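What follows is each chain in one-letter form.
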Amino acid sequence: MDNSYSSLPNLRVTGANGIDYAYRDAGAGAGAGAGDGVPLVLLQHFRGNLDSWDPALIDALASGKRVVTFDNVGVGGSSGTTPRTVEQMASDAVVFLEAMEFDQVDVLGFSLGSFVAQAIALTRPAIVRRLVLASSAPQGADGMHGWAPEVIGAIGKHETSAEEYLSVFFADSPSSIAAGKKTLQGVYGRTDGRDTATSWETRNAQYDAVCTWGIPDHAALQRLSCLTLPVFVANGNSDPMILPHYSYLLAGLIPHAQLKIYPDSAHGFLFQHHAEFATDVGSFLNG
C-alpha cells in the first residue's frame, strides 16, 4: 500500500461550528497516534490547499510522526466562508483540532499559517506542545502591512504562472530554481482526488487578514513574551515575501525560540531543503 502524501485520501470531519473540514492524515500508523503520540498539524500558506504542500516534505516529516494537513474554514474542500482575520482563522483551527479529538498537538505554520499558529498558541497555550514557524513574522511588525507590489503581483493574481511562483518561493540561482521545478512536479503530480482549488473570495479574505496582521502595533509585538513553549523559527535567506529580518525579530521576541536561516533559498525554503528541514523539525520536536 502506498502511504505517500500524494496518494492519501481526502478525509472530512465536522466541527462543532458545523463546518466540514477537509484533511489528510499521514505518518506511520496514521489515525492511531504514531511516534510520540502527539500529532504534527500543518497550517498552510496564502491561497494554499491540501495539494499545495510538497509531498516530499510531508513524507519526510511523516517518516516517524503522525502528520495532519487540513483546509481551514472556506479554504479548498472545507465548507463555510473564509474569515478576514487571523484571530478567527485561529479559532476555526482550534475547532478542527477539537473535532479530531486532539488533546495536544505540535503545530507547524507556514507563512499565513504561521500567523494563525502564533494566534493559536497565544489563545490556547495548553493545546500546543511545540511550535514551528516557517517564513513568519510577528503581528504588528513595521513594514508588514501588505506584501511588496512585485510579490502580490506575482502570487496574488487570478492565475499564478510557474515562473511567478518560482520567483517568490525560490531564490534566483540555478540550484534553487531547479529545486523549485522539482517541487512543482510534486505539487502537481497528483491527478486523482485533488483538493478543491481555493477561490478568489478566499484569496481576498486571506489578504485582508495579512494586511490587518501587519498594521504596525508595538503592543502586539510584546504579546509574544507570553509564549513560554519551545519555538523553532525558520526561513530562507532571500525570502522576498516575508523578509528574513522578521525571523530574527520573531525569535528575539519569543523567550525560548531557536532560529535557523537556510541558504540559497526563499519563501519555499522548506520545500527546497525538505530533507534537512524535516530532520531539523524532528530533532526540535523530540526535544
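Scroll up a little and you will see the structure.
The shown structure was predicted, so the numbers you read here are calculated from the model rather than taken from an experiment.

### Comments concerning the overall build of the protein
Along the protein, the regular secondary structure elements total 11 helices and eight strands. Its C-alpha atoms give the protein a radius of gyration of 17 Å, within 12% of the compact-globule value 19 Å for 287 residues. Each of the three principal axes of the protein carries a C-alpha extent, and together these read 45 × 40 × 35 Å. A burial count over the protein gives 57% of its 287 residues as buried. Taking the contacts inside the protein whose residues are at least 6 apart along the sequence as the reference set, 75% of them involve residues at least 24 apart. In the form shown here, the protein has an accessible surface area of approximately 11,400 Å², with 53% of it arising from carbon and sulfur atoms. Across the protein, the centroid of the 17 positively charged side chains sits 2 Å from that of the 29 negatively charged ones.

### Here we look at the layout of surface pockets
Empty space among the atoms becomes visible once a probe the size of a water molecule is rolled across them. By volume, the largest pocket amounts to about 700 Å³. Considering the residues around the largest pocket, the lining is formed by 25 residues, among which R47, S52, T160, Y188 and T198 are closest to the centre. Only α5 (162–169) and α6 (174–187) provide two or more residues apiece to the lining of the largest pocket. A per-class count over the lining of the largest pocket returns 11 nonpolar, nine polar and five charged.

### Structural notes on the pattern of salt bridges
This structure, assessed with the given rule, holds 10 salt bridges. A salt bridge links E164 to K157; the nearest nitrogen and oxygen atoms lie 2.4 Å apart. Overall, K157 belongs to the partly exposed group, its relative accessible area being 36%. Between K260 and D280 there is a salt bridge, and its shortest N-O distance comes to 2.8 Å. One end of the pair, K260, is in strand β8 (residues 257–262); the other, D280, is in helix α11 (residues 274–285), with 20 residues separating them in the sequence. A relative accessible area of 26% means that K260 is categorised as partly exposed. Shared partners join several salt bridges into a network, and the residues in it are R24, D51 and R194.

### Observations concerning the sheet that holds strand β7 (residues 231–236)
Overall, mixed pairing links the eight strands, which are arranged β1-β2-β4-β3-β5-β6-β7-β8 in an open sheet. Two strands close off the open sheet at either side, each with one partner strand: β1 (11–14) and β8. Neighbouring strand axes in the sheet, compared pairwise and without regard to direction, differ in orientation by 25° on average. Direction of pairing for strand β6 (residues 128–134) relative to β7: parallel, over a ladder of four bridges. Bridged to V132 within β7 is F232. Contacting β1, β2 (20–26), β3 (40–43), β4 (67–70) and β5 (105–110), helix α2 (residues 86–99) runs over the sheet at an angle of about 60° to β2. The sheet strands contacting helix α9 (residues 244–253) are β6, β7 and β8, and the helix crosses β7 at an angle near 170°.

Conventions we followed
Residues numbered from 1 in each chain as written. Predicted model: local features only at pLDDT ≥ 70, side-chain atom pairs only at ≥ 80, totals over all residues. Heavy atoms only, no water. Helix = DSSP H or I, 4+ residues; strand = E, 2+ residues; numbered from the N terminus. Rg over C-alpha atoms; globule rule 2.2 N^0.38 Å. Buried < 20%, exposed > 50% of the residue type's maximum accessible area, 1.4 Å probe, protein only. Contact = heavy atoms within 4.5 Å. Areas by Shrake-Rupley, 256 points an atom, 1.4 Å probe, with all protein chains shown as cover. Lys, Arg positive; Asp, Glu negative; His and termini not counted. Charge placed at Lys NZ, Arg CZ, Asp CG, Glu CD. 1 Å grid on protein atoms, 1.4 Å probe; cavity = no way out; pocket = protein on both sides within 12 Å on 5 of 7 lines; lining within 4 Å. Points joined across faces, edges and corners; volume = space filled by probe spheres on them. Nonpolar A, V, L, I, M, F, W, Y, C, P; charged D, E, K, R; others polar. Salt bridge = Lys/Arg side-chain N within 4 Å of Asp/Glu carboxyl O. Pairing = 2+ DSSP bridges. Axes fitted to C-alpha atoms, helices over the stretch in contact; angles between N-to-C directions.

Purely spatial values, then, with no claim about function.
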